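# Structural features, examined
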Amino acid sequence: MEEATQTRGAQQEENSGMKRKHVEDEEEKMSPSKKQVLDHGVKVASHYNQLQEVGRAARSRSRIFFMRNFNNWLKSVLIGEILEQVRGAGSQQVSVLDLGCGKGGDLLKWRRGGIDHLVCADIAGVSVEQCQIRYDEMKKKSHRNEKIFTAEFITADCSKELLSEKLDDAELMFDICSCQFVYHYSFESEQKANMMLRNACERLKPGGYFIGTTPDAFELVKRLEASDSLSFGNEVFKVTFQSKGSYPLFGCQYHFNLEEVVNVPEFLVYFPLFEHMAKQYNMQLVLKQRFADFFEEKVKKENHRSLMMKMMALEPFPSEDGLQASDSAEEYCHAKEHCDRADVRTPLGTLSRSEWEATSIYLVFVFQKMS
Ligand SMILES: C[S@@+](CC[C@H](N)C(=O)[O-])C[C@H]1O[C@@H](n2cnc3c(N)ncnc32)[C@H](O)[C@@H]1O
């Protein structure tokens, strides 16, 4: 059985290699004009397809280790709270669409949330395959009394293709669509942003939620305007625009580089426009909150705090100076004369200034479908 899974895994890896080659060959064959038309979707897909899956040990040595954990904590809190709402409204069988699922970084969150069915969709075929392998392994390793959700996996450019046509069950409706760190890729054009939004919302049940995380365009532009060049950032991330002063509603491209993880073109999402567009799908904005404010609010709750400790979402203060976890970040900085850590002022721990500068460009959004 194990051997069969391994063989399947190896075959999938081989297939992934073939697919990657295929994408590269396709790109190679194109004339320059066609290449331009064949847009960023190809770039984005091949970038994420080529990202290596690294083990826990390598991740823990990364300069953005705590930031990644912090982002995961934030997604866990968001997903957990929305699932509570869905259950509170009486939903028995919970179905979720993970739009831009990547390699399945949120699978465990859905397992913890006890959902019934998950549809994972992403433009990057290799990521979708890895996501499926992760899911199969999770299922295989689970306790036989635990009922793990069923799942289906779709490789598709969700800003161009209609997902509902690819579902196993043509009638399936979702309680939640979760779109984590993805929606901004679609703001390349109105058509794409609309298709992504349609995929997110059209199969939501009345009362269902569209949740996500995306960079805050106001914050990006503020930092760009404050910079004396076309870019800003630090040793862990860099954002580079092509010009400044004027920002088109669609196709306002910048290049985003986040150490080891992202190195692709992205697009500004002008939030009032996003909110306006969502109305055509009967979606009402329930929450739009910068990461910093979301964190400040959620960390007040004991269960979120203990999850934060478990997920190592902040770097603990060292105890050798007699400092306890309950001491403030300022005290820590004062004692260590190491003041690049004063930004996240929490008794639980801290993030480096560089990581905080990177994570604080994002916001959380929640829309709800009106009946
Ligand atoms: C930063 S990753 C986030 C992955 C995952 N949601 C998470 O939070 O870990 C962005 C993902 O969006 C996917 N993506 C970008 N454009 C897409 C599109 N047009 N259709 C589907 N997926 C897309 C990428 O392939 C990548 O997996």
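Residues numbered from 1 in each chain as written. Predicted model: local features only at pLDDT ≥ 70, side-chain atom pairs only at ≥ 80, totals over all residues. Heavy atoms only, no water.

The name given to the protein in an unreviewed UniProt entry is mRNA cap guanine-N(7) methyltransferase, and the organism recorded there is Pundamilia nyererei. Taken from UniProt, the Function (unreviewed entry) comment for the protein reads in full: "Catalytic subunit of the mRNA-capping methyltransferase RNMT:RAMAC complex that methylates the N7 position of the added guanosine to the 5'-cap structure of mRNAs. Binds RNA containing 5'-terminal GpppC." Of the protein, the UniProt comment under Subcellular location (unreviewed entry) reads exactly: "Nucleus". (UniProt positions renumbered as here; feature names shortened; annotations may be inferred.)

### Re the overall build of the protein
Counting secondary structure elements, the protein contains 14 helices and eleven strands. Per-residue burial over the protein gives 53% buried out of 371 residues. Counted over contacts in the protein with a minimum sequence separation of 6, partners at least 24 positions apart contribute 71%. Of the accessible surface of the protein, which amounts to about 18,300 Å², a share of 49% is contributed by carbon and sulfur atoms. (Helix = DSSP H or I, 4+ residues; strand = E, 2+ residues; numbered from the N terminus. Buried < 20%, exposed > 50% of the residue type's maximum accessible area, 1.4 Å probe, protein only. Contact = heavy atoms within 4.5 Å. Areas by Shrake-Rupley, 256 points an atom, 1.4 Å probe, with all protein chains shown as cover.)

### Quick notes on the sheet that holds strand 10 (residues 283-290)
In any sheet, the strands associate via hydrogen bonds between backbone groups, in a parallel or an antiparallel arrangement. Reading across the sheet, the seven strands line up as 3-2-1-4-5-11-10 and stay open at both edges, with mixed pairing between neighbours. Edge positions in the sheet fall to strand 3 (150-155) and strand 10, since each has one partner strand and no second. Here the average twist between neighbouring strands, direction ignored, is 15°. Pairing between strand 5 (residues 204-215) and strand 11 (residues 362-369): seven bridges, direction antiparallel. (Pairing = 2+ DSSP bridges. Axes fitted to C-alpha atoms, helices over the stretch in contact; angles between N-to-C directions.)

### Observations regarding the pairing of strand 7 (residues 237-241)
Regular strands have side chains that alternate between both faces of the sheet. Burial along strand 7 is one-sided: Phe-237, Val-239 and Phe-241 are buried, and none of Lys-238 and Thr-240, which face the opposite way, are. In the sheet, strand 6 (residues 231-233) pairs with strand 7 via three bridges, with the strands oriented antiparallel. Each residue of the ladder has a partner; that of Phe-232, found in strand 7, is Val-239. In this antiparallel pair of consecutive strands, strand 6 and strand 7, the connection spans three residues. Of the pairings in the sheet, the one linking strand 7 to strand 8 (residues 253-258) comprises five bridges and is antiparallel in character. Bridged to Phe-241 within strand 8 is Tyr-254.

### Things to note about the state of the cysteines
Counting across every chain of the model gives zero disulfides. Note on Cys-120: no disulfide assigned, nearest cysteine sulfur contributed by Cys-131 at a separation of 3.9 Å. A disulfide-free cysteine, Cys-201 has its sulfur positioned 6.9 Å from the sulfur of Cys-177, the nearest such atom. Judged by relative accessible area, which is 0%, Cys-201 ranks as buried. (Disulfide = S-S within 2.5 Å.)

### Regarding the sheet that holds strand 9 (residues 262-267)
Sheet architecture is open: four strands sit in the order 6-7-8-9, paired in antiparallel fashion. Each end of this open sheet is capped by a strand with a single partner; those strands are strand 6 and strand 9. Each strand axis lies, on average, 20° off the axis of its neighbour in the sheet, ignoring direction.

### Here we look at the nonpolar core
With 67 residues, the main nonpolar core has Phe-70 and Trp-73 as its most contacted residues. A total of twelve residues in this core trace back to one element, the largest contributor, which is helix 5 (residues 65-88). (Core = buried A, V, L, I, M, F, W, Y, C linked by side-chain atoms within 4.5 Å.)

### A closer look at the site of the ligand
In the vicinity of the ligand lie 18 residues, with Lys-75, Gly-100, Asp-122, Asp-157 and Gln-180 positioned nearest. Cys-158 has a polar backbone atom sitting 2.9 Å from a nitrogen atom of the ligand. Out of a free accessible area of 590 Å², the ligand has 89% covered by protein chains. Here the shell around the ligand is built from residues that sort into eleven nonpolar, four polar and three charged. (Near = heavy atom within 4 Å. Polar contact = N/O pair within 3.5 Å; in protein donor to acceptor, adjacent residues only side chain to side chain. Nonpolar A, V, L, I, M, F, W, Y, C, P; charged D, E, K, R; others polar.)

### Things to note about helix 11 (residues 291-298)
Since the α-helix advances by 3.6 residues per turn, residues separated by three or four positions end up pointing in the same direction. Of the residues making up helix 11, those classed as buried are Phe-291, Phe-294, Phe-295 and Lys-298. Seen along its axis, helix 11 keeps its buried residues to an arc of 100°; they face one direction. Check the buried side of helix 11 and you find it contacts helix 5, strand 5, strand 10, helix 12 (302-310), helix 14 (353-359) and strand 11. (Arc of directions from axis to C-beta.)

### Regarding the pairing of strand 3
Across six bridges, the pairing between strand 2 (residues 117-122) and strand 3 is parallel. The residue of strand 3 that forms the bridge with His-117 is Thr-150.

### Observations concerning the side chain of Asn-69
With respect to the helices and strands, Asn-69 occurs in helix 5. If near-sequence neighbours (up to four positions away) are discounted, Asn-69 is found in contact with Met-311, Met-312 and Ala-313.

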